Amino acid sequence: MNLETKWLEDFVALANTRSFSQAAERRFVTQPAFSRRIRSLEAALGLTLVNRSRTPVELTESGQLFLVTARSMVDQLGEVVRHLHHLEGQQGEVLQFAAAHSLALGFFPQWISRLRADGLNIASRLIATNVGEAVHSLREGGCDLILAFYDPDAALQMDPEIFPSMHLGRTEMLPVCAVDASGKPLYELDSGQSVPLLAYSAGAFLGRSVNILLRQRALRSTTVYETAMADSLKSMALQGMGVAWVPRFSAQAELARGDLVVCGGSQWHVPLEIRLYRCALVRKASVRLLWRKLEGGVGGES
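Residues numbered from 1 in each chain as written. Predicted model: local features only at pLDDT ≥ 70, side-chain atom pairs only at ≥ 80, totals over all residues. Heavy atoms only, no water.

Draft legend 1. Structural view of the packing of helix α1 (residues 5–17) against helix α3 (residues 31–45). Contact geometry of α1 with α3 gives a least axis separation of 9 Å together with a crossing angle of 110°. Here α1 is positioned roughly perpendicular relative to α3, judged by the angle of their axes. The crossing of α1 and α3 is left-handed. Counting all contacts with α1, which are made through K6, W7, L8, D10, F11 and L14, the residues of α3 involved are F34, R37, I38, S40, L41 and A44. Looking at the contact of α1 with α3, its residues break down into eight nonpolar, one polar and three charged. (Axes fitted to C-alpha atoms, helices over the stretch in contact; angles between N-to-C directions. Helix = DSSP H or I, 4+ residues; strand = E, 2+ residues; numbered from the N terminus. Parallel < 35°, antiparallel > 145°, perpendicular 65-115°, else oblique. Left-handed = near helix turned anticlockwise from the far one by under 90°. Contact = heavy atoms within 4.5 Å. Nonpolar A, V, L, I, M, F, W, Y, C, P; charged D, E, K, R; others polar.)

See the structure below:
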């Protein structure tokens, strides 16, 4: 018999809510996916556990008997995991972060260094990914925390009660381009002329923010390159290919050397807020410790 732990947790959630939709929401999956998982559990057991013809749903006699075992197994597994986390905490837990690529490169190293300098000696593991995959990883327990730019329109589509967040800092996206032989910008946003645009791929959060600005200001442009990676756009800008909007921290070194310049005034800048997200259902000691320290001002903006 091949049973998956998540099926048992699904079944317990269904028994508690007596509603497929509410149980699916509690388990952070769509209702069709949740229903398929319950049917997979029934198929593995060779039993019908749920009477779907009743509203609210009811467990069959087999389902009621199996519920006792399912709850016991879920509780025992949770207790073992908590015990192992406690042992790991004594040896030093590793905090698993997921972050957008630009934050992984341009923000995370300095931020984690400030935390250690402030006395919070945590061990960390970082996965650079896109926002959608980071959110999925947090929901599925694949990471402990995620670093992301705050999107006031989408708010990462997560319930703030279950996935609280914390402000970590602010930055802005700057329009940058290479310089000519005299050190002047190759392109000027306020010139009224069309400029070659180094753009973010469709769906990228940074791209949505830039596109809103471009529509508001009616910039004349022709897209010559697209990617989801801010650092790739920066590299193309360094080659003189066009204008790219990149987070300030991603281009600090190039701006300081004069390899890139900001080619538009403050009206062309896009403000960004950096936030840290966790799952309130996770009881990992190092996550709680980090959150308390951050609330107390450790590792704040420099």
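Draft legend 2. Broad picture of the packing of aromatic side chains. Across all of its chains, the model carries eleven aromatic pairs by this definition. Look at F107 and F249: their rings are 6.4 Å apart centre to centre, the planes differ by 45°, and that puts the pair in the tilted class. Of this pair, F107 sits in the loop between α5 (101–106) and α6 (108–117) while F249 is found in helix α10 (residues 248–257), placing the two residues 142 residues apart along the sequence. Each member of the pair, F107 together with F249, is buried. For the pair F108 and W111, a centre-to-centre distance of 6.2 Å together with 55° between the ring planes defines the contact as tilted. On the criterion of helical spacing, the pair formed by F108 and W111 is a turn pair, its members being three residues apart in helix α6. The residues F108 and W111 share a single accessibility class, namely buried. One aromatic cluster is present, formed by F97, F107, F108, W111, F149, F205 and F249 through successive ring pairs. In this arrangement the basic side chain of R278 is found over the ring face of W291, its NZ or CZ atom lying 4.7 Å from the centre. (Phe/Tyr/Trp six-rings, centres within 6.5 Å; stacked < 30°, edge-to-face > 60°. Buried < 20%, exposed > 50% of the residue type's maximum accessible area, 1.4 Å probe, protein only. Lys NZ or Arg CZ within 6 Å of the ring centre and 35° of its normal.)

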